[in-house]
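# Descriptive analysis of the structure
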Amino acid sequence: MVRTQRITPRMARITVGGPQIEDFAGAGTDENVMLYLYEPGAELPEPLTLESARVAMSRVRPYMRTYTIRRHDPAANEIDFDFVLHGDHGPASKWASNAKPGDEVIFVGPSPAYQPNPDADWHLLIGDETALPAIGAIMQALPTAEIKAFVEIEDAAEEQDLDVVWVHRNGVPAGSPEPLVKALEAAEFPQGRPAVWAAGERQVMQAVREVLVGRGVDRASVRPASYWRLGHAGS
Ligand SMILES: Cc1cc2nc3c(=O)[nH]c(=O)nc-3n(C[C@H](O)[C@H](O)[C@H](O)COP(=O)(O)OP(=O)(O)OC[C@H]3O[C@@H](n4cnc5c(N)ncnc54)[C@H](O)[C@@H]3O)c2cc1C
């Protein structure tokens with residue numbers, strides 16, 4: 001890991017780099033990878049590679065968690081991941097809040113990336129802060145077509161420099177459907193058919209889907225991704 005930066009009180013940007021990622025083929029938009037994260041002090045195989053990590057798995061087991069590539073800079077050989085710091089009960093969140101330059105990290109990926117329907121009249125992006133890295137990357141990748149994005153965050157201190165509608169939880173716990181549901185029910189949508197990308201807590205996303213269908217969006221075109229599940233450890 002090259003550097004770490006607290007971009008908002010609850011979001012850590014972890015930059016990884018080096019010759020090992022020279023061949024990394026970035027796919028753009030919401031591409032993500034499975035990170036292998038180790039407890040501090042774990043006796044890691046040397047060199048740490050996916051192969052040596054797998055061989056050592058019975059002795060030293062990583063937490064495996066999925067994170068989005070917020071930025072890939074092939075010239076500098078750098079990748080940024082933005083981690084939501086939701087508390088030390090989450091091993092990945094804890095890892096990110098304690099990470100320091102020189103820490104080793106490996107990952108598998110990337111996944112295929114979102115391909116918006118080219119025939120859509122406009123783009124609708126919805127998520128909580130775990131989806132913010134993807135929403136930021138998708139907004140950069142999309143042409144100047146009309147985009148409306150709704151992002152649920154804790155409060156104003158979590159806002160980033162992006163042209164989105166910020167939906168503050170204002171004390172409502174993360175993983176509750178109300179904030180996004182209310183915002184989407186009240187929102188003005190452009191005319192025509194949207195291409196929808198949505199991701200966040202599983203039940204919140206189910207509620208979001210129903211709101212959109214209720215507002216006339218074709219059910220088959222709303223396939224939100226479950227990025228985490230309240231009360232369940234992720235993988
Ligand atoms: C394709 C994909 C891309 C993703 N990209 C990102 C990304 O770029 N940045 C990012 O931060 N997350 C991202 N996530 C979500 C992240 O993988 C999960 O939040 C993961 O569960 C965090 O792991 P953890 O070890 O911190 O907590 P876990 O051990 O998985 O969970 C521990 C507890 O914390 C709760 N929890 C998990 N996440 C949150 C949260 N965000 N807020 C509140 N409570 C939570 C769980 O319900 C559980 O009760 C992505 C997920 C997917 C599937």
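In case you missed it, the structure is sitting above this.
What this report covers is the structure whose coordinates are included nearby. (Residues numbered from 1 in each chain as written. Predicted model: local features only at pLDDT ≥ 70, side-chain atom pairs only at ≥ 80, totals over all residues. Heavy atoms only, no water.)

## Description of the site of the ligand
Going by this rule: The cutoff for a nearby residue is simple: one of its non-hydrogen atoms must lie within 4 Å of the molecule or strand. Polar contacts here mean pairs of N or O atoms no more than 3.5 Å apart (in protein, one a potential hydrogen donor and the other a potential acceptor; neighbouring residues in sequence count only if both atoms are side-chain atoms). The Shrake-Rupley method, run with a 1.4 Å probe, gives the accessible areas here. Residue values count only the displayed protein chains as cover. Put plainly, a pocket is an open set of points on a 1 Å grid over the protein atoms alone with protein on both sides within 12 Å along at least five of seven lines, a cavity is a set where a 1.4 Å probe fits but cannot get out, and a lining residue has an atom within 4 Å of a point. A cavity or pocket is said to hold a molecule if more than half of that molecule's atoms lie within 2 Å of its grid points. Every helix listed is a DSSP run of H or I at least four residues long, and every strand listed is a run of E at least two residues long, numbered separately from the N terminus. Think of it as three bins: nonpolar holds Ala, Val, Leu, Ile, Met, Phe, Trp, Tyr, Cys and Pro, charged holds Asp, Glu, Lys and Arg, and polar takes everything else, Gly as well. Domain boundaries shown here were taken from an automatic or database domain assignment.
The immediate surroundings of the ligand are formed by 25 residues, with Arg 65, His 86, Ala 92, Arg 229 and Gly 234 found nearest. Contact distances for the ligand include 2.8 Å between a nitrogen atom and a side-chain N or O atom of Thr 68. In this structure, His 86 approaches the ligand through a side-chain N or O atom, which is 2.7 Å from an oxygen atom. If the ligand stood free it would expose 930 Å²; the protein chains cover 89% of that surface. With respect to the detected pockets, the ligand is housed in the largest pocket. Looking at the shell around the ligand, the elements with two or more residues in it are strand E4 (63-68), strand E6 (78-84), helix H2 (91-98) and strand E12 (225-228). Examining the composition of the shell around the ligand, we find that 4 residues originate from one element, E4, more than from any other. Looking at side-chain class alone, the shell around the ligand contains 10 nonpolar, 12 polar and 3 charged residues. When residues of the shell around the ligand are sorted by domain, at least three fall in each of domain 1 (3-108) and domain 2 (122-228).

## Focus on the side chain of Glu 152
What counts is decided by this rule: Contacts were defined at the residue level, with two residues in contact if any of their heavy atoms lie within 4.5 Å.
For Glu 152, the position within the fold is in strand E9 (residues 147-153). Among the polar contacts made by the side chain of Glu 152, one reaches the side chain of Arg 169 at a distance of 2.7 Å. Residues within four places of Glu 152 in sequence aside, it is in contact with Gly 127, Asp 128, Glu 129, Val 167, Arg 169, Ser 176, Pro 179 and Leu 180.

## Observations concerning the sheet that holds E4
The test is simple: At least two bridges found by DSSP between two strands is the condition for calling them paired. Lines fitted to C-alpha atoms define the axes, with helix axes restricted to the stretch in contact, and inter-axis angles between N-to-C directions lie between 0 and 180 degrees.
Here 3 strands make up an open sheet; going across it, the order is E4-E3-E7 and the pairing antiparallel. On the outer flanks of this sheet lie E4 and strand E7 (106-108), each paired with one strand and no other. Sheet twist, expressed as the average angle between the axes of neighbouring strands with direction ignored, equals 35°. Inspection of the sheet shows strand E3 (residues 32-37) paired to E7 by 3 bridges, in the antiparallel sense. Pairing of Tyr 36 across the sheet is with Ile 106, part of E7. Along the sheet face, H2 touches E3 and E4 and points at about 75° away from the line of E4.

Nothing here speaks to function; it is geometry throughout.
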